[in-house]
Amino acid sequence: MLFHAKFAWLGGGYVGVDVFFVISGYLTTSIVFNQVKTGKFNLLRFYQKRAARLLPALILMFVGTAIFGFLFYDNRTLDNFGQQVVYGAFGAANILFAQGDNYFVSDEALTPLIHLWSLGVEEQFYLVWPLVLAAIAWLNVELILGFALVLFTTSLTMSAAAVETLPIQAYFYTHYRAFEMLVGAMVALGLRSAWMRFKPSLKFKELLSWVGLALIVVPMVLFDNTTSFPGFNALYPCVGTALLICCGEQTRLAKVLSLKPLIFIGLISYPLYLYHQPLISYCHFFGLELPPLQLFLVVAAISFPLAWATYRYVETPIRGLARQPQGRGLGRLLKAALASLCGLALMGLLFAKSNGLEQRFTLLNPYALEISESMSPSFYQFFKQGLRVAPADSGKVLFVGDSVLQQYVYPISQALDIEPGEVDTVTRGGCVLLKEVELIDRYQTESGISCDRLRQQLYQSEKQYDYIFISQSWISYEADLLNAPVKAGSPGYTLNRWSSFIDETVEHFQPLAQNLVIIGGHPIVEGTSQLQPTLFSNPEAYAVKLGDLEVVNDNHLAAAREFFTRWQDRDRVAVIAPEEIWASAQSQLHDGNWSFFENGLHISQASTDYVVQRLQKIPEFFRLTQN
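Now for a quick tour of the structure. Everything numeric in this text was worked out from a predicted model, so none of it was measured.

Description of the overall build of the protein chain
Inference 1: When its secondary structure is counted, the protein chain shows 29 helices and eight strands.
Inference 2: Here the C-alpha atoms of the protein chain give a radius of gyration of 28 Å, agreeing with the 25 Å that 2.2 N^0.38 yields for 627 residues.
Inference 3: In terms of principal-axis extent, the alpha carbons of the protein chain reach across some 85 × 50 × 45 Å.
Inference 4: Across the protein chain, the fraction of contacts at a sequence separation of at least 24, relative to all contacts at a separation of at least 6, is 79%.
Inference 5: Total accessible area on the protein chain stands at roughly 28,700 Å², and carbon and sulfur atoms take up 60% of it.
Inference 6: With 44 positive and 51 negative side-chain charges, the protein chain shows a spacing of 18 Å between the two charge centroids.

Considering a negative patch on the surface
Inference 1: Together, E289, E526, E550 and D554 make up a negatively charged patch on the protein surface.
Inference 2: With respect to the helices and strands, E550 occurs in strand β7 (residues 550–551).
Inference 3: Note on E550: relative accessible area 46%, which makes it partly exposed.

A closer look at the nonpolar core
It is characteristic of soluble globular proteins that their nonpolar side chains tend to be buried jointly.
Inference 1: With 100 residues, the main nonpolar core has L58, F62, L116, W129 and L274 as its most contacted residues.
Inference 2: With 13 residues, the top contributor of residues to this core is helix α2 (residues 43–72).
Inference 3: When near neighbours in sequence (up to four residues on either side) are disregarded, F62 contacts V85, G88, A89, L113, L116, L341 and L344.
Inference 4: Membership of the second largest hydrophobic core comes to 43 residues, among which are F469, I581, F597 and I603.

Considering the sheet that holds strand β8 (residues 573–576)
Sheet strands pair via backbone hydrogen bonds, and the direction of the pair is either parallel or antiparallel.
Inference 1: With mixed pairing, the six strands of this open sheet are ordered in space as β1-β3-β2-β4-β5-β8. Edge positions in the sheet fall to β1 (386–388) and β8, since each has one partner strand and no second. Each adjacent strand pair in this sheet contributes to an overall mean axis angle of 20°, direction not counted.
Inference 2: Bridge count for β1 against strand β3 (residues 423–427) is three bridges, and the pairing is antiparallel.

With respect to the pairing of strand β4 (residues 464–471)
Inference 1: Counting buried positions along β4 yields six of eight residues, so the element is predominantly enclosed.
Inference 2: Pairing analysis gives seven bridges linking strand β2 (residues 394–401) to β4, with the strands arranged parallel. Paired with V397 across the bridge in β4 is Y467.
Inference 3: Both β4 and strand β5 (residues 513–519) contribute to a ladder of five bridges, which runs parallel. Bridge pairing in β5 places Y467 opposite N515.

Observations concerning the side chain of E315
Inference 1: In this structure, E315 sits in helix α14 (residues 292–323).
Inference 2: Relative accessible area serves as the criterion here: at 5%, E315 is assigned to the buried category.
Inference 3: What E315 contacts, discounting residues up to four positions off in sequence, is R53, A57, L267, Y270, P271 and T310.

Some thoughts on the packing of α2 against helix α13 (residues 269–285)
Inference 1: In the contact formed by α2 and α13, the axes pass within 9 Å of each other and the chain directions differ by 10°. What the angle tells us is that α2 and α13 run roughly parallel. As α2 runs across α13, the sense of the crossing is right-handed. Judged by residue contacts, R53, L54, A57, L58, L60, M61, T65, F68 and F72 of α2 engage Y270, L274, Y275, P278, Y282 and F285 from α13.
Inference 2: Across the contact of α2 with α13, the residue classes tally to 13 nonpolar, one polar and one charged.

Describing the pattern of salt bridges
Inference 1: According to the stated counting rule, one finds 15 salt bridges in the structure shown.
Inference 2: The partner of R50 in a salt bridge is E122, with the nearest N and O atoms 2.8 Å apart. Linking R50 in helix α2 with E122 in helix α5 (residues 116–139), this pair joins segments that are 72 residues apart in sequence. Across the pair, E122 and R50 agree in class, each one buried.
Inference 3: For the salt bridge of D441 with R428, the shortest nitrogen-to-oxygen distance reads 2.7 Å.

Criteria and cut-off values
Residues numbered from 1 in each chain as written. Predicted model: local features only at pLDDT ≥ 70, side-chain atom pairs only at ≥ 80, totals over all residues. Heavy atoms only, no water. Helix = DSSP H or I, 4+ residues; strand = E, 2+ residues; numbered from the N terminus. Rg over C-alpha atoms; globule rule 2.2 N^0.38 Å. Contact = heavy atoms within 4.5 Å. Areas by Shrake-Rupley, 256 points an atom, 1.4 Å probe, with all protein chains shown as cover. Lys, Arg positive; Asp, Glu negative; His and termini not counted. Charge placed at Lys NZ, Arg CZ, Asp CG, Glu CD. Patch = residues over 30% accessible without salt bridge, like charges linked within 9 Å, V, L, I, M, F, W, Y side chains within 5 Å. Salt bridge = Lys/Arg side-chain N within 4 Å of Asp/Glu carboxyl O. Buried < 20%, exposed > 50% of the residue type's maximum accessible area, 1.4 Å probe, protein only. Core = buried A, V, L, I, M, F, W, Y, C linked by side-chain atoms within 4.5 Å. Pairing = 2+ DSSP bridges. Axes fitted to C-alpha atoms, helices over the stretch in contact; angles between N-to-C directions. Parallel < 35°, antiparallel > 145°, perpendicular 65-115°, else oblique. Left-handed = near helix turned anticlockwise from the far one by under 90°. Nonpolar A, V, L, I, M, F, W, Y, C, P; charged D, E, K, R; others polar.

Remember that the coordinates give geometry; whether it matters functionally is a separate question.
Here it is as structure tokens:
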């Protein structure tokens, strides 16, 4: 919770989930192994108890977040939320987020369920691990620890390799995380018993317990979002947790951890885990940019009572049912829970397949529908992403870039008096198409379009054009650009790392274009989150919030203007600065009725006429139209 509140001194607070994985592996393996040894293990009963432990509180959280989403989310956000519900309901949230969400840079306001990735990892692991335990025990009980060690080594090796080439997948996928739960499993299976036979002194246990705590706490302070993780770095908190378990209950540290307030937190920890992340998300959604301490206190003040109520009135009664020998009441409850979960998944599917249930606005708030239509991007009304190049030797215009380039395709075409059918595009969101770039493609699965494939096809083409426009989000892709990573402590390097790639791209396209145009630094606008359509939107409140729109990256825009001038004097190359549209004294960010920005980085359909007029007043663009 402290980490999610973004305390600066806790950059590695994410290792808390690794501590949880080890404890989970230890407890679950202890229970299953003891039952296997005594011949009392029942796989169906095990899964019933797991479901009874996990599903009721999870369903409550889903219901609460779904109500919030229905009331407050715009179409696109509710669409994305629906996907999160579908995957989360089936224990596969980690698989969804592995397709493109960077855990450290994802938009908290729009990802209330991102924390379910760790629950997905746990559920997937325990679909398999009890079966493995039971199967090997049936053959030879003595083989289990050795087999667990082999699995641990395999998973750790895979994770260490993946953090360098597939960092997002390495963070989320179960096979890259299994070694952490296997640390706990190995403690349960053999290390602790061997340790107890060793009978170390209490002083030695005291020392190791503090070493274990240090291995957990120090990474929380020293690690951050640039640390390669999990891989070998995850061993620090995992080994630390294992040491704390092995040192038993007699140490001073164990007695501190056994204090009633900490035990209480442990008792309500599961619903506390479920509720706190959506609450943090909603604080960001409503623009409550609180300092970390205030954010933590606000979220804690709400989530602790909710978690206690869930523990007291939901989890405790259900655990009572789970302890009954016949389990009839539990069986009926689980059937109802599974039916509810399937219903929620169908609801999520409806959200995802109906453009965020756009009918909400049609039926309940037509003004919100008007907002939604005005703030929608113009690109997808006239074009499609991917490779869209007409078969010919020459054409009028080609646009190359990511979603930040896409937003200007239609306005620029209009300003040049070129019809959409005469426009070629090689574009995709989250895709850098500069020549020679090596990029981690975070959105290929989501879009179905390979960025590497697009780049290859683009530079194989020899089609001639009157105009070629190139742009992208120049301040993004920090962790994804493999052959020009951001250098720590070098703020100016964020732009300079693109230099060689732009040079290569310009050299390639100069022979193919009468006019090659680079679109420079893009403004970031604050205040758009408060303008998104909800069931409570109304003209008066919307008009007031329009006045809060503000360009907030003036320093970057100034640096970008200086950076891109180096290509300005090259033969048949022009540079257009979007700041001349949005950051000049004569510009505006809305027309009094609608916002010109869909979100902080992308312009809306309502801006089209304004952008066309402003483009025609930019000297560089005016010269293009005269060529």
